[in-house]
Amino acid sequence: MKIDAHAHIGDFGGWANVACNPDELLALMRLHNVERSCVFYWDNSMVRKAAAEHPRKITGIVWPDPRQKGARDLVHRALTEWHFKGVKLHPLIHAFLPNDEIVYPIMEEARKAKVPVLIHSGHAPFSLPWSIGELAENFRDVAIVMLHMGHGHGVYIQAALSVAKRYDNVYLETSGMPMHTKIKEAVQEIGEERVMYGSDVPFHDPSVEIARVCASGLSQSQLEKVFYSNAKEVLKL
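Residues numbered from 1 in each chain as written. Predicted model: local features only at pLDDT ≥ 70, side-chain atom pairs only at ≥ 80, totals over all residues. Heavy atoms only, no water.

Caption draft 1: Representation of helix H10 (residues 220-234) in the model. Counted at 1.5 Å a residue, the expected span for H10 with its 15 residues is 21 Å, and the 20 Å between its end C-alpha atoms agrees. The largest bend in H10 amounts to roughly 50 degrees and is located at Val226. The set of residues buried in H10 consists of Gln222, Leu223, Val226, Phe227, Tyr228, Asn230, Ala231 and Val234. Positive backbone phi, approximately 55 degrees, marks Lys236, located one or two places after H10. (Helix = DSSP H or I, 4+ residues; strand = E, 2+ residues; numbered from the N terminus. Expected span 1.5 Å × (residues − 1). Bend = angle between axes of the 7 residues up to and from the residue. Buried < 20%, exposed > 50% of the residue type's maximum accessible area, 1.4 Å probe, protein only.)

Caption draft 2: How the structure looks around the pairing of strand S4 (residues 34-40). The buried count for S4 comes to 6 of 7 residues, which makes it a mostly enclosed element. Two strands pair when backbone bridges link them, and strand S1 (residues 2-8) and S4 are joined in this way by 5 bridges, in the parallel orientation. Following the sheet pairing, Lys2 is matched in S4 by Val34. Relative to strand S5 (residues 58-60), S4 runs parallel, the two being bridged by 3 bridges. (Pairing = 2+ DSSP bridges.)

Caption draft 3: Focus on the nonpolar core. The biggest cluster of nonpolar side chains holds 80 residues, and the ones touching the most others in it are Leu25, Val87 and Leu172. It is H10 that provides the largest number of residues to this core, a total of 6 residues. Excluding its chain neighbours within four sequence positions, the residues that come into contact with Val87 are Ile61, Val62, Pro64, Val75, Leu79, Ile106, Ala110, Pro116, Val117 and Leu118. (Core = buried A, V, L, I, M, F, W, Y, C linked by side-chain atoms within 4.5 Å. Contact = heavy atoms within 4.5 Å.)

See the structure below:
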């Protein structure tokens, strides 16, 4: 059984040209033995509806744009009224640095609600691991999940590991990161409780993402933590 810490519904047009509706996500979950998916989309009302209709399968993660007026109120409402379990930030799409002060009110809401903040990583100039580390240093009591653990650039992947070594409130999520060996390295050097599986549906296929984790050489107990227990613990599922 698995928990997917990183999935989307909605339509991502333009260069990505991918989309996924709730029924398609649920079908993928059945196919790949996923018990629950943590889901986000920039139209938070769509996620709210899907989570309400499938509360045992879909967990909502609120996705604000910190530059927009009302971002803090959106996060507060999602965490206190909608029963969402975390916050997603995408510094690249919304063009802000992770440690910019505009992020602090959102981090305060996460701190009050005791939920993690999931942050896209791996692309210059706005989502580099070092910048996420600066945020982690300023909010040591907030769990920060570095999505993609540096993504596709080897230097950024190594930086993600270095940042996680430095800050024990940083966790690493595996989707879209091509080096299976780095998953085992992360488990060995950072801790088996601080690495978690995600698919990044619909940008990536779960079969590929699952195979990469399985090929990393982890023990069965470590695989159970990466695929299931760690996300369940951090996201309080």
